[in-house]
Amino acid sequence: MGDDPTNRLSENIGHWLAMAFRGPVEISDIQPLTSGASRQSWRFQAITNAGHSGSYVLQQAVIDAMATGEGRSRMDTQARVLAAARTNGVPVAAPVTSG
């Protein structure tokens, strides 16, 4: 059988979240979400080694946007705006990591 792209995605997500949560993270139930032409979105479950579990969403800029650098800067800007909104009482999800 061929390489399942969700297996590699799960490994990549686990790597990023392990850095954010400072320990191993188990990723499961990865599902694609509908999103625009400039990004891909995925929903997944994560459990940290401390027992914290939750539902998360990963948004990635598509390759064309990343090639120009615009995708990364837009995603970083979005993460900063969400964090600032949450700090000021807007009920939005807290960004975990961006990069």
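Scroll up a little and you will see the structure.
Rules used throughout
- Residues numbered from 1 in each chain as written.
- Predicted model: local features only at pLDDT ≥ 70, side-chain atom pairs only at ≥ 80, totals over all residues.
- Heavy atoms only, no water.
- Helix = DSSP H or I, 4+ residues; strand = E, 2+ residues; numbered from the N terminus.
- Buried < 20%, exposed > 50% of the residue type's maximum accessible area, 1.4 Å probe, protein only.
- Contact = heavy atoms within 4.5 Å.
- Areas by Shrake-Rupley, 256 points an atom, 1.4 Å probe, with all protein chains shown as cover.
- Phe/Tyr/Trp six-rings, centres within 6.5 Å; stacked < 30°, edge-to-face > 60°.
- Core = buried A, V, L, I, M, F, W, Y, C linked by side-chain atoms within 4.5 Å.

Where do I start with the overall build of the protein chain in this structure?
When helices and strands are counted, the protein chain shows three helices and three strands. Mapped in sequence order, the helices and strands of the protein chain form the string α-β-β-β-α-α. Looking at the protein chain residue by residue over its 99 residues, the buried ones come to 23%. A fraction of 23% describes how many contacts in the protein chain between residues 6 or more apart in sequence connect residues 24 or more apart. Accessible surface for the protein chain amounts to roughly 6,900 Å². Of this, 53% is attributable to carbon and sulfur atoms.

I would appreciate a short explanation of the packing of aromatic side chains in the present structure.
By convention here, two paired aromatic rings are described through the distance between centres and the angle between planes. Scanning the entire structure with this criterion turns up two aromatic pairs. Seen from their ring centres, Phe44 and Tyr56 are 5.8 Å apart, and the 20 degrees between their planes marks the pair as stacked. Taken together, the residues span a long stretch of sequence, with Phe44 in strand E2 (residues 39-48) and Tyr56 in strand E3 (residues 53-61) at a distance of twelve residues. Comparing Phe44 with Tyr56 shows no difference in burial state: the two are buried. Aromatic rings pair up to connect Phe21, Phe44 and Tyr56 into one cluster.

I'm lost on unusual backbone geometry in this one. Help?
Peptide bonds are trans in most cases, and residues, glycine excluded, mostly fall at negative phi. Not every positive phi belongs to a glycine, and Arg22 is a case in point at roughly 55 degrees. If you trace the backbone, Arg22 turns up in the loop between helix H1 (5-21) and strand E1 (25-33). The class for Arg22 is exposed, based on a relative accessible area of 77%. A positive phi angle, near 55 degrees, is found at Asp29, a position not held by glycine. Along the polypeptide, Asp29 turns up in strand E1.

Explanation requested: the nonpolar core in the structure shown.
The tendency in soluble globular proteins is for nonpolar side chains to be buried as a group. One finds Leu9, Ile13, Leu17, Val25, Ile27, Ile30, Trp42, Phe44, Ala46 and Tyr56 forming the largest nonpolar core, which totals ten residues. When contributions to this core are tallied by element, the ones reaching two or more residues are H1, E1 and E2. Discounting chain neighbours no more than four positions away, the residues touching Val25 are Gly14, Leu17, Ala18, Ala46, Ile47 and Thr48.

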